[in-house]
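# Inside the fold
So the chains spell out like this:
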Amino acid sequence: MKRNHALWVQIHPFLKKLIMEIKVSILIVLISVLNVYGTYTDSRTKNISFFDLQQIRLAGTISDAATGDGMAGVNIQVKGTTFGAISNEEGKYSLVVPDRDATLVFSFIGYVTQEISLNGRTTLEVALVAEVTGLEEVIVIGYGTMRKSDLTGSVVSANIEAFSEIPNVNILQSLQGVAPGVQIGQVNQAGQEPSIQIRGVNTLSGNDDPLIIVDEIIYSGRMGDLNPADIKSIEILKDASSKAIYGSQAANGVILITTKSGKKSENPVFSYSGSASFQSPTVNAGLLDAEQTLEKVKGIYYTNAYLPPNYTQPNPAWTWGQTELVPNLLTGINNGTDFDWWDELTSPGFIQDHMLSLSGGMGKTTYYISGGYTEENGFVINDNYKRYTTRINIKNDIKDWLTIGMNTFGSFTDFSGKSPTYTNIIISSPFVTPYDENGNLVVYPKGESTTHLNPLLDVQSDDKDMRNRISGIFYGIVKIPKIEGLNYRINYNHSLNWSNYANGNEYGASLTGYAIKTHSAQHEVTLDNILNYERQFGSHGIRATLVYGYRKAAYNYTNAEGENIPNMSLGYNSLQQAIIQRISSSAWDESSLYQMARVNYNYRDRYLVTGTWRRDGYSGFAKNNKFAMFPSIAVGWTLSNEPFFKVPIIDLLKIRASYGQNGNQTSRYSSIAQVSAIDDNKYIFGDGASTSMGQAITSLANNDLTWEKTAGLNLGIDFGILKSRIKGNVEYYKTTTTDLLWNMVIPQVTGFSTIKTNIGEVANSGFEFSIQAIPVQTNDFSWDFNMNFSTNKNKIVHLFGDDVNNDGKEDDLVSSNLFIGKSIGTIYSYEIDGIYQIADTRPTGYNPGNYRIIDQNDDSKISADFDRVFLGRSEPEFMASFQNNLKYKNFTLRFFINSIQGGKDGYLGSQATNSLSLNSTGNFANANTWTFYDFWSVTNPDARYSVTYQAPQILAERYESRSFIRLQDISLAYQFNPSLIQKAGVEGAKIYISGKNLLTITKWDGWDPETNQGISSTSPYPVMKSFTLGIDLSF
Amino acid sequence: MENIIKTIKYGLLVLLFTFSISCNEEEFLNEVPLDFFSPENSYVTKKDFESAITELYSRVRYCAYQTQGTSGSYAYLTSTDIAHDGRYQLTSSARFGGHSVYLVPTNSTVAAHWNSWYKLIANANTIISRADASEMTDEERVSVVAEAKFMRAFAYRYLVYLYGGVPLNLEEVTSPKTDYTRASKTEVLNQIILDATEAANVLPTIDKVADGRISNLVAKHLLAETYIALQKYDEAITAASAVIDDPNTDLMTDRFGSMATQNPQDKHLKFTQPGDVYWDLFRVGNQNRSSGNKEALWVIQYDVDVTGGNLLSIGSWAVTNTTRGEGANVLERIAGPVAWMTFKDPDGVEGAIGKPQSNYNSGGQGVSLMMNTEWFLNDLWVSDWDNDIRNAPHNIVRDFIYDNPNSAYYDSSSVKYPSPTRIAQLWRWYPYPSKITTPGQHPAELYTDTDLETLRATAGSTYRDNYMLRLAETYLLRAEAYLGKSDLINAANDINAVRLRSQANPVAPGDVTLDYILDERARELVYEEPRRITLHRTGKLVERVRKYNTLNKDEIQDYHGLWPIPYSFIEANKDAVIEQNPNY
């Protein structure tokens, strides 16, 4: 049951309504009493006789004029009397009216009140039209829905509509920056899943992903499998009380996704939307060209290439042969070869997206059927993604008391195509080319001895990577007879994801041929029994939900691979051709069991109370701790509904407070000691002997391992001003997580490096502010915006509680980078003060080009004990976003600005300079590097970054701010006038153009601040900017 | 009111119904591992323990030769008196170039060796602690425990010499322990004595064990070495004598094994000297007793293309063929010169064909990461240059013949006709001991052209078994013990047993010193013994590096005779203070 439109409490009608409610309540009680005794005819009063004479039963349905959905809670009143009724869940109502020609008043807050004369009718279907200011909504809260005005916790509805013109392949991208406290990561690869974080990090090493619920069922796996166009709404549960219904998995926040359903309409509605996007990197970077590389090589061997003592004058006797450059590179230098590998391996990206849907409703059935196709070609060659989705959502009100339905979908994604590895790209050299004179690919461009395979050969390998999912949710809703407002719902879900990966590469395994085939499958079954009760008793609104359910998941994986394949023509489909064969397999299963109870109480829309309790059992918990309880309580006070509240410009003022506990589960099998018997453990005794099996314990057991507990307080104020032209909310929260799951570092003398254990306490507190305003609203032009601002402060409160050094303070866990009173992302490292130059005196173990580390304790040596300091933290200081919608006649211009700021020493990222290919003179000379790596050399003494081919005794890293402001999305849409297009049989048409990531303001070097990829990133995937053309049609 | 009562009534009914269909919760939530074993059910039978013992062998192979993959694996060899960085670099972050850069408590190599030996100890402890409750017979139990105790002692041997007095961990750890303290060096040595004695008493004799398996003699050899460290020379002599006098052991003095009837051949170097028994010791297949070798005490097993053999002929697994990520016994790659790839003739033309070859001239697929010191290559042999077979041209290869037909210098000596780059950059070619490679005996799949003897670029392993302990070393240990007792005559006798086998002139008793014994060990055991451990044990590292190692002599400091205790251990051991070694 969806109620899409707002219920907005107003002050003035309130008293009137209240008096009426009391009267109606008294009447109901009186009638009940009279019914019981059946004696009212004997004791008529004047009123009753009037009642008796004119008794006419009127019934009907009240629906939302816009959506056709039934509207619950609509007030029906016989004009001029105090008789009335309220519509039920489905919008149905019935009442006894005293007069055949009475006039009925239908009112619902946020909707235009209607007066209708009966004129003798006994049924009356009414459609209410929302008031323009109707910004209030009904929202999904998990195992049910609720009027937003009844909320006591922190629940945000994401405005995904604002991103409908942006080519977001993954729905999570549309949440980026739209809700305060929700942080979504950037993506830089085709089909990539962005990261999500809600209200900071509550865990040290546990899972920190929010729980995703799709159509009431826990969803595990790739969000990319959901077609964004199928999604109707997204709600985010942020505070402990709202989340408590999901107990042991809720600590990191809960995202509730609801897919589209059909609407009752005469004609089915076909919709098509299509878009095409053209992408290019946001950073114009590449690999060094030949000239730059020659300069680099001279810099590496400056002791020969330049003359001492200053090494500024070139050495006339210098030759390239005096370097460690491999012969092919020397040949290339002589021939003047200058090949741009980066250009060869990349090309502009392209995304196309097509979606066709059919929705409607006939009789008792509503349906929504869709099919979608998305194709994404990334920037790096073969970074491809294709997605095919289908969805069928059907609902049927078979009987008055029974509704059944199903939400099913299939998602078939194709990641096939092997991209060149980062390693192979970065170790290429401009002095060699991938092709020989005849245009054929060279196997080892740098010479066979380097074993540097031509990256283009990787690309040509036969690669298949299919990841599929099918899921069906089947539900039934039974209205329990005789008890008004009570219904039972059963949800059953079975989903299956399976992946097939296969690769055959004749150049693999040192050119002897390599092939692999991998299959994995995961089954999930969920069964939920839900009892819902919702009833208004006069001024007392009660809503109760009971849930009992279980969930099971099982996974299996099989891998087979082969090397040395004399005949590769059958590729990965005949692995038995391989001389060397390997197989491996794995499996797991898990189960959980839960009960949940939730009660909401509402007194006259003024006082709101929510209490929830959940009991969770999970197989992954250690044997002494299989179950957990999660209670919570929340209260709300709608001040603006109080009779005494008389501030004319304020429409809404509500104060909320909640407190509750959530959990974070341990990972499967993490409490059990494991014995491994892998190939590493095996041995042979004697030449030609057969293999002897070996085994060893690889982890310690912890029978008391328990879940993480996050308890949190949330305080919120909701407000609406000037008939909701301005509205918003302010939230403050403070959560404390105890029993943190932690891989405690233990001395390896024990034989183990870590043990999974529960330690300490982490606190998160934050402030969130969100405001929506409509500064301009005229017939032709309107402007509305939405601003979000959020902060989060993370602090480690306790660790072990030890004070070994007897300084009266609890000890830090330095080995794990955990410090009492500091955030989890604290950066405790060496402070850099420039780069050592040739002429500098340097401590032992440091070379020109290495960072100069500040000797904090002046003992003339750099040591981990005394010379590390707190440089800052990786967490941001605040996040802010600004969404604007401007409408002029048929044009809509939207733009969205997103920013994450680190403040003085926050949001720091490491600019490491010691990655692959930089760690020896030979490797650095023979490989390439990115153009944004401003590295030290004798000719570039003022460089920003060190070189590490001569390793210092202690390698310091430079930490820099990742703060940025990004014009993330901008779009311009034109909506055609219906009158123009209807002749062509088209109901609605919109065309748009949009841009993504067009402008980023940051001081960060490297690929992107948000992806934390710096100058020597391990993945050469830039964040893309794109231009999109799109069209939406409905007919 | 009625409705409320009804509501409650029905509500309760439905609730009861719902809860009554619930199952047995404990059973539903029981967690059963599907793809791994648990300790409770996998340390029960003799077979289980046999698997656990097998793992110790696989692990000791890893610890001694492959810790930290190709970069850390030769930390026991390089920057000592016998070898230094092949590229003359003290500071490469990929290799143990110099002590000043490497020997800091935060260095990953320092921690990796510590961690890997302690893991071996922990795995041995698991066997020892769990043996009592197992289903094994008493006899089986005693023998399993003795073998595990030897492995534990062997691990402490490396730790005590590398780091000094280290924490003694002698029980299986089943819950986190973070308050270790350092035992004294003597305590650790005494523990080695205790464990090795039990092993020496229980383990079978050498003729009764499978190839690769330890015998009582292996334990006695370790006892001899450890008693010397404790200056208990009589006990050391007794232990060593038990090994030397055992009727099943002998120094090999006659040609034997797979190449017994052949002489070393190289189409470029054109050896004229016949093969010899020292050469036979290092040919493929000649290490195990089954080949007739009576000198081997403990041979670390490698086998090609067999799971557990740790060597693969081809493919990516040949380089990193196990999940620990180590390269498999890559001495050829590390110690071999890279001349085959980069060598120019005096005209500046390619002097080599540019492909690794399975011959002495090329030395397989070396890449010049470690080379012998000038002292080792020259001074050490002066007295017996021509007669000591260990210095024969096929045992230490001292020339590279230009083998590129396009070169005007084809088939002529690069020592005689060096190119300017060779003179400027000694790392491009240097003499090397041929025991690092297997000329003509690489696995068949590795050849790309059998006529040219060219190999795939994935070569680089030494494709044969490795001596962990060899009787020649036992002789030299006993010599050390006699020297400790100032019995120079017996010391000289033992040294000469080794020298005579190699046709070297005997040493006079008056010339026997610890340095002489270390010299002899270098001649006999180069790239075979963990030289750094020997020099740490004898306290001679710093002195001899300063004397003989031209690259490292200036950077090594007095305190580098002991490695620092890894900082990661000090930090994690949060409930007790660990004293760092001096000056770190």
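Reference entry: report on the structure contained in this document. (Residues numbered from 1 in each chain as written. Chains lettered and ligands numbered in written order. Predicted model: local features only at pLDDT ≥ 70, side-chain atom pairs only at ≥ 80, totals over all residues. Heavy atoms only, no water.)

## Looking at the environment of Y603 of chain A
Residue and element names in this part refer to chain A. Stated precisely, the cut-off is as follows: Numbering of helices and strands starts at the N terminus; helices are DSSP runs of H or I of at least 4 residues and strands are runs of E of at least 2. Throughout this description, buried means an accessible area under 20% of the type-specific maximum (1.4 Å probe, protein chains only), exposed means over 50%, and partly exposed covers the range between. Any N or O atom pair separated by 3.5 Å or less is treated as a polar contact, with the protein-specific requirement of one donor-capable and one acceptor-capable atom, and with residues adjacent in sequence counted only for side-chain atom pairs.
Structurally, Y603 can be placed in strand β26 (residues 580–603). Y603 gets classed as partly exposed once you look at its relative accessible area, which sits at 22%. Y603 sits 63 residues away from H540 along the chain, and the two C-alpha atoms are 4.8 Å apart. Here the side chain of Y603 touches R604 through a polar contact of 3.2 Å, side chain to side chain.

## A few points about the pattern of salt bridges
Residue and element names in this part refer to chain B. Note the cut-off: Any Lys or Arg side-chain nitrogen located within 4 Å of an Asp or Glu carboxyl oxygen qualifies as a salt bridge.
Tallying each qualifying case throughout the model produces 84 salt bridges over all chains. We note a salt bridge from R213 to E50, for which the minimum N-O separation is 2.8 Å. Highlighted residues: R213 in the loop between α9 (185–202) and α10 (216–229) and E50 in helix α4 (residues 46–65), separated in sequence by 163 residues. Exposure remark for R213: the relative accessible area of 15% places this residue in the buried category. Residue E50 is classed as partly exposed on the basis of its relative accessible area of 23%. For the salt bridge of D234 with K485, the shortest nitrogen-to-oxygen distance reads 2.5 Å. Here the residue D234 occupies a position in helix α11 (residues 233–244), and K485 occupies one in the loop between α18 (471–484) and α19 (488–501), the gap between them amounting to 251 residues.

## Here we look at the sheet that holds strand β6 (residues 114–117) of chain A
Residues and elements named next belong to chain A. Spelled out, the test is: Strand pairing is defined by DSSP finding a minimum of two bridges between the two strands. The axes are straight lines fitted to the C-alpha atoms, using for helices just the contacting stretch, and the angles between their N-to-C directions are given from 0 to 180°.
Across the sheet, four strands lie side by side as β3-β2-β5-β6; this open sheet has antiparallel pairing. The two strands at the open ends of the sheet, each matched to only one other strand, are β3 (84–86) and β6. Looking at each pair of strands side by side, their axes are set apart by 20° on average, direction ignored. Strand direction decides the pairing type here: strand β2 (residues 75–78) and β3, joined by three bridges, are antiparallel. Each residue of the ladder has a partner; that of N75, found in β3, is I86.

## Quick notes on the packing of aromatic side chains
How we decide: Aromatic rings from Phe, Tyr and Trp, taking only the six-membered ring of Trp, are treated as a pair when their centres fall within 6.5 Å; an angle between ring planes under 30 degrees marks them as stacked, one over 60 as edge-to-face, and anything in between as tilted. Remark: a charge is flagged as sitting over a ring if the NZ atom of Lys or the CZ atom of Arg is within 6 Å of the ring centre and within 35 degrees of the ring normal.
In this structure the tally under the stated criterion is 67 aromatic pairs over all chains. Taking the centre distance of 4.8 Å and the plane angle of 55° together, the rings of F891 of chain A and Y974 of chain A count as tilted. Taken as a pair, F891 of chain A in strand β43 (residues 891–901) and Y974 of chain A in strand β46 (residues 964–975) lie far apart in primary sequence, 83 residues in all. Between W114 of chain B and F569 of chain B the ring centres are 4.9 Å apart and the planes differ by 40°, which places this aromatic pair in the tilted class. Taken together, the positions of W114 of chain B in helix α7 (residues 108–131) and F569 of chain B in helix α23 (residues 567–572) put the pair 455 residues apart, joining distant regions of the chain. Look at W114 of chain B and you get buried, because its relative accessible area is 1%. Given a relative accessible area of 2%, F569 of chain B falls into the buried group. For the cation-ring pair, R962 of chain A lies above Y907 of chain A, with the distance from its terminal atom to the ring centre recorded as 4.2 Å. Looking at K177 of chain B, its charged tip hangs above the ring of Y180 of chain B, at a distance of 4.8 Å from the centre.

Structural measurements only, silent on function.
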